[in-house]
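Below are the chains, spelled out letter by letter.
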Amino acid sequence: MTTKNYVPRMLILALILLLAAPAWAQESKDIVLPERPALANFDLYTALERRQTTRKYKTTELSATDLAAILWASNGVNRADGKRTAPSAHGKQYMDVYLLGPTGNYLYDPLNRKLKFLSASDLKHKVAVQEYVALASHILVLVVDLDKVSEKAGSNERKLNFGNSTAGAIAQNVYLMSAAKKVGTCLVANIKEDEIRKGLGLTKSQIPVYIMPLGYLEK
Ligand SMILES: Cc1cc2nc3c(=O)[nH]c(=O)nc-3n(C[C@H](O)[C@H](O)[C@H](O)COP(=O)(O)O)c2cc1C
C-alpha cells in the first residue's frame, strides 16, 4: 500500500468510528435500577388520601431512589412471569414509559431494570403546552405501540382505547407512589405530540398519550 492510498483510508476509518460513536457511547450512559425499590413505608390508605394533582414543584432534582420507586410503580415487573404493576389487555406489553430529565432522555426497560439512554437533548421544554410542566425535575411520557396491542382488539381505535386505559392505570400508580414520596405530579393530556415523536424517535405505530411531570412538593 502506498502512502497516497493509506491517508484517505485512515480518514475513512476515522469517519466510520466517529459516526459509530453514539451507538456505543449510549450504552455506557444507561442507568441500572434496583431489583426492588426501597420500601416507601407508607400505607395505601394514606397514599389514596393524599393523591392529588399539583402543578408547582420545588426546583430540587428527584433522588435516584424516588425515581426508581416511581418508575417501578408506573409499569414495573411485579411477578416472576414478567407481568406488571399496571393491567394490560390480553396481557400484552404495548406501553412504554419514557423519562425526560435534566441530564438526558431515557426509555424505561422494566424487564432488564434499566433506563436506556436515548439522548442528552433538552426535551423537557418541548413536550407540553402548559409552561409549568417544563419546570418539573423529570417528566414521564406514556406511549402506546398500536402494533403491540392484540389483533383481537380489532380496529386501531379500539387499540388506542386499550392504550389509554392502561395509561390511566399507570398514571394512578404514579400518583400513589408520588404521594408516598412527597412528589407532585399531574396527568397531562395537553401534549405536543409531534415534538415528542421527533424528540424520542418514535415509530409510526407509537402514540404518545399522556405525560406526567414529577417534582418535590413545595410543602
Ligand atoms: C384524562 C385527563 C387529562 C388531563 N389533562 C390535563 C392537562 O392537560 N393539563 C393539566 O394541567 N391537568 C390535566 N389533568 C389533571 C386534571 O385537571 C385533574 O386531575 C383535575 O383537576 C382533578 O384534580 P385532582 O387530580 O387533584 O383530583 C388531566 C386529568 C385527566 C384524568
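Residues numbered from 1 in each chain as written. Predicted model: local features only at pLDDT ≥ 70, side-chain atom pairs only at ≥ 80, totals over all residues.

> Describe the overall build of the protein chain, listing the residues and the values that go with them.
Helices and strands together make up the secondary structure of the protein chain, namely 5 helices and 7 strands. From first element to last, N terminus to C terminus, the protein chain shows the α and β order α-β-α-α-β-β-β-β-α-β-α-β. Within the protein chain, the proportion of its 219 residues that are buried is 36%. Within the protein chain, contacts between residues separated by at least 24 positions form 75% of all contacts whose residues are at least 6 apart in sequence. (Helix = DSSP H or I, 4+ residues; strand = E, 2+ residues; numbered from the N terminus. Buried ≥ 20, exposed ≤ 12 C-beta atoms within 10 Å, placed from the backbone. Contact = placed C-beta atoms within 7 Å.)

> Now, about the nonpolar core: what can you tell me, with residues and values included?
Among the nonpolar cores identified, the biggest contains 55 residues, and Ile139, Leu140, Val141, Leu142, Ile211 and Met212 are the most heavily contacted of them. Those elements that place two or more of their residues in this core are helix H3 (64–75), strand S2 (95–101), strand S3 (104–109), strand S4 (114–119), strand S5 (138–145), helix H4 (156–180), helix H5 (193–200) and strand S7 (206–216). When residues in this core are grouped by element, the largest group, 10 residues, is from H4. Excluding residues that lie within four positions of it along the chain, leucine 142 makes contacts with Met95, Val97, Ala167, Ile170, Val209 and Tyr210. (Core = buried A, V, L, I, M, F, W, Y, C linked by C-beta atoms within 7 Å.)

> Go over unusual backbone geometry with me, naming the residues and quoting the values.
If you check the backbone angles, histidine 90 has positive phi at about 60° while not being a glycine. With respect to the helices and strands, the residue histidine 90 is situated in the loop between H3 and S2. Of the residues examined, histidine 90 has 11 C-beta atoms within 10 Å and is grouped as exposed. In this model, arginine 113 sits at a positive phi of 45°, which is unusual for a non-glycine residue. Relative to the assigned elements, arginine 113 resides in the loop between S3 and S4. Its 19 C-beta neighbours within 10 Å are what place arginine 113 among the partly exposed residues.

> Describe the site of the ligand, and please don't skip the residues or the numbers.
In the region of the ligand, the neighbouring residues are Gln52, Thr53, Arg55, Gln130, Cys186, Leu187, Val188, Ala189 and Asn190. Per-class residue counts for the shell around the ligand are 4 nonpolar, 4 polar and 1 charged. (Near = placed C-beta within 6 Å. Nonpolar A, V, L, I, M, F, W, Y, C, P; charged D, E, K, R; others polar.)

> Any details on the pairing of S2? Residues and values, ideally.
Of all 7 residues making up S2, 6 are buried, and the element is well covered by its neighbours. Relative to S3, S2 is paired through 4 bridges, and the arrangement is antiparallel. Residue pairing in the sheet places leucine 99 in a bridge with tyrosine 106 of S3. With antiparallel pairing between neighbouring strands as the criterion, S2 and S3 make up a hairpin whose turn holds 2 residues. (Pairing = 2+ DSSP bridges.)

> Can you explain the confidence of the model for the protein chain? Please cite residues and give values.
Reading fine detail from the predicted coordinates is not recommended where pLDDT is low. Residues at a pLDDT of 70 or more form 87% of the protein chain, whose mean pLDDT is 91. Low pLDDT (under 50) marks residues 17–27, which in the prediction has 1 contact with non-local residues, meaning those over four places away or in another chain. (pLDDT = per-residue confidence, 0-100.)

> Explain the packing of H3 against H4 to me, and be specific about the residues and the numbers.
Where H3 meets H4, the axes come as close as 7 Å, and the angle between the chain directions of the two elements is 150°. It follows from the interaxial angle that H3 and H4 lie roughly antiparallel. Of the two possible hands of crossing, H3 and H4 adopt the one that is right-handed. Listed contacts from H4 to Ala69, Ile70, Ala73, Ser74 and Asn75 of H3 are Ile170, Asn173, Val174, Leu176, Met177 and Ser178. Taken together, the residues that form the contact of H3 with H4 break down as 7 nonpolar, 4 polar and no charged. (Axes fitted to C-alpha atoms, helices over the stretch in contact; angles between N-to-C directions. Parallel < 35°, antiparallel > 145°, perpendicular 65-115°, else oblique. Left-handed = near helix turned anticlockwise from the far one by under 90°.)

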